[in-house]
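# Examining the three-dimensional arrangement
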Amino acid sequence: MSSICDSEAIHLVAPHTCASRTHSSCRLSPASYRLSPAPSTLHPQSINKRRIDISYRALKKRFIRVTQMGPPQGSPWKEWSLYVLVAPVGVWLAVLMSLVILMVTALQAVEWVLRYVTMLGSRTTLRTYMGCTFTALPSNDDRLDFVICRGPTYIYGHTIGAVKNFCKWATGGFKELTLLSDAEVLSLLMTSPIARMWKVTYSREGRPVSMVLDMGDVTKGDVKATDISLGKGHYLCVERIDFDIETSDLSVTLVDSDGLARVVHRPMEEMCASPMASACSSSSISSADVSDEERLWNMAKAHLQGLIMWSIVSWSHNWVHFNLLDSAAALTPDVVPKRSVLRALLTPHLRFTPTINTAGPADGILNPQHAEDDTLKKFLPWKVQGQTAQQFLAKVAENCLQHYLKADETTGEKIVDPVAFPPEFVTDRLEPDNKLQGLLPYLDFLTEVYKAMEVYAQNLWVGEGSPHSERIIEHDIFMQWVRHIEQSVGSLKGLSKVDPVKLLATLLWTTVVHGADHDVCGRINTKWMMFGSAVPVDWDGEWQDVLKGSLFGTQLHAFRSSTFISCFGGYKNSWFTKGADLLVSPGLYNDWNSVPCEQTRCRLRAHHGTLLASLHGISKKWGWLSDVAGLPASVSF
């Protein structure tokens, strides 16, 4: 079978550039050229036949279809027969884990009592790693609260859930991973958290004409993504994605394990034209049915499906956890009085954050990360990460600093970038004449949530706006709080220069971004789920090699990926909070009972009611993508 490059001329093309202006996030390196087929190989007469509808309605329809596919199916009777045999193992694990949680709770309670009896304090401490701020150790209060209220929600996923996934894997349940259609893959790139990585190019009239998703940004820095993921059994093979909005020309740049990059273009007409992705099965697309061009494209698309899940979990999402929220959660008790409005406002949005932000990067038995040469990684299915805990932290630090900081124009010192409050993808969509609405629905959804949060923050900052109305949030306490964070955290220097309303709104909004990222990730964890690729790029291979490999290869990786998501991917309502920690809970702020003035409490309840009405409206409009009514108010999982 001949290679596509054997019959097509190859030339150097510069990346898309803006005719008149460039989107604020379009920062392409002048040196980022790529190999591409010559223009003569693109057939203009075929463009209309291969055009992908990226209207809001079409993207919504495809997202719903993909997320409703259902899990892989092997042999149900074999799966349940095996489950009956090994179910006692899951039950015993659940009992054991419950006893461990009870023991830890008892120890935490004793420590908590002793602390008050002996008048010894315990506070959340911070640490700095590669210039970024992380929680070093949660306070006793935080740990006790988390163990009681959130700890039990992890029992099922680590025990019975893991055993169920094991039975599915052992009976062939993960061998039928689906190759999605071209339109469905593109839709997921535009309706999932990875959408934040797109760089948009404009025409002279200000109309979006093309988009680039450059994973080269991920591979820059001291710890390259290719270094940490191109290991045995875990590969990151996609370097770049280009999409021409006007012609629907879609291309993927693949990189093999030797570092050789190659651009693979979408064929003129898609092999699988069925609107249902499940039609693209191994029986409907075989090597005998497709051209070499189509074979390469299907293989590239299979690797691209793995990139989507890898990026959501390991790159585009992690800035929402750390640095800002870590610092706010640790330092708020130092300077913000318990009976203040600001403390009452921040507490439910920072609850559980210190504990979850130390558990996420940890490499313990029940944690998602692993140490170098950790033998447990081979036996614990939720440890699917390809990098060690230290490498994971390094990439988190790099990502957070890129998101929150910029170089001072005078001194060159790294300071807080006001543009990050909120991020550019939000501010660009807040402009009245912007033409971005509808292009990337996930970003449109996050923008609407931010608008609601900014109105809420504005109301609390200026009161009702009349000359005689009193401000609700104590401005002096707020500025003291911001300056304390700025002076205590080197990675947030310059925070006091950020507009107070935008800073407060962004902090509250970031917790929603966290929940929405997890929610969407869980929804698209369906028949094509894969956390990266289990095999490297094989230029002579088939897409089935990527999605339908051996029992101890691709299928094992799919089993581990699914278990990881079931353990850590979604919010599970706690038996103890009973929904009171949800973003739309009327009792989120405990009826503002900690605020001493009744008149102030009434005003707070009114403004909170306005926010709830806005959030319910967003839930009704965007529930197909991510339902804010089911998201927690803090980083709690």
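Residues numbered from 1 in each chain as written. Predicted model: local features only at pLDDT ≥ 70, side-chain atom pairs only at ≥ 80, totals over all residues. Heavy atoms only, no water.

## Focus: the pairing of strand S6 (residues 208-214)
Within S6, seven of the seven residues are buried, which leaves it mostly tucked inside the rest of the structure. Judged from the five bridges that link them, strand S5 (residues 198-202) and S6 form a sheet pairing that is antiparallel. Looking at the pairing, Val200 lines up with Met211 of S6. The antiparallel hairpin formed by S5 and S6 contains five residues in its connecting segment, where Gly206 sits at a positive phi of about 85°. Bridge analysis of S6 against strand S7 (residues 238-244) gives five bridges, and the strand direction is antiparallel. (Buried < 20%, exposed > 50% of the residue type's maximum accessible area, 1.4 Å probe, protein only. Helix = DSSP H or I, 4+ residues; strand = E, 2+ residues; numbered from the N terminus. Pairing = 2+ DSSP bridges.)

## Description of the side chain of His158
Locating His158 in the fold gives a position in helix H5 (residues 155-158). Note on His158: relative accessible area 4%, which makes it buried. Looking at His158, its side chain comes within polar contact range of the main-chain oxygen of Leu366, at 3.1 Å. (Polar contact = N/O pair within 3.5 Å; in protein donor to acceptor, adjacent residues only side chain to side chain.)

## Structural notes on helix H13 (residues 389-404)
Because an α-helix completes one turn every 3.6 residues, residues spaced three or four positions apart along the sequence face the same direction. End to end, H13 covers 22 Å across 16 residues, agreeing with the expected 22 Å (1.5 Å per residue, within 8%). Within H13, twelve of the 16 residues are buried, which leaves the element mostly enclosed by the surrounding structure. What H13 keeps buried is the set Ala389, Phe392, Leu393, Ala394, Lys395, Val396, Ala397, Glu398, Asn399, Cys400, His403 and Tyr404. (Expected span 1.5 Å × (residues − 1).)

## Focus: the packing of aromatic side chains
With the rule as written, the count across this model stands at 24 aromatic pairs. Summarising the aromatic geometry, the rings of Phe166 and Phe559 are spaced 6.5 Å apart at their centres and angled 65° between planes, so their arrangement reads as edge-to-face. Taken together, the positions of Phe166 in helix H6 (residues 160-170) and Phe559 in helix H19 (residues 554-568) put the pair 393 residues apart, joining distant regions of the chain. Since its relative accessible area comes to 34%, Phe166 is described here as partly exposed. What makes Phe559 buried here is its relative accessible area of 6%. (Phe/Tyr/Trp six-rings, centres within 6.5 Å; stacked < 30°, edge-to-face > 60°.)

## Some details on the pairing of strand S4 (residues 132-137)
On a regular strand, one side chain projects to one face of the sheet and the next to the other, so that they alternate. As paired strands, strand S3 (residues 125-129) and S4 are joined by five bridges and run antiparallel to one another. The partner of Thr125 across the bridge, within S4, is Leu137. Where S3 folds back onto S4 in an antiparallel hairpin, the turn is made up of two residues, including Met130, whose phi is positive at roughly 55°.

## Some thoughts on the confidence of the model for the chain
Put simply, the chain has an average pLDDT of 79, and 78% of its residues get 70 or more. For the chain, the element scoring lowest by mean pLDDT is strand S1 (residues 10-13), at 29; helix H11 (residues 341-350) scores highest, at 96. pLDDT under 50 marks residues 1-49. Its contacts with residues more than four places away, or in other chains, come to 84 contacts. Low confidence marks residues 270-285, where pLDDT is under 50. Its contacts with residues over four positions away, or in another chain, come to 36 contacts. (pLDDT = per-residue confidence, 0-100. Contact = heavy atoms within 4.5 Å.)

## Concerning the sheet that holds S5
Taken together, five strands build an open sheet; the order of strands is S5-S6-S7-S8-S9 and the sheet is antiparallel. A single partner strand is all that each edge strand has here, and the edge strands are S5 and strand S9 (261-265). Between one strand and the next, the sheet's axes are offset by a mean angle of 15°, whatever the strand orientation. (Axes fitted to C-alpha atoms, helices over the stretch in contact; angles between N-to-C directions.)

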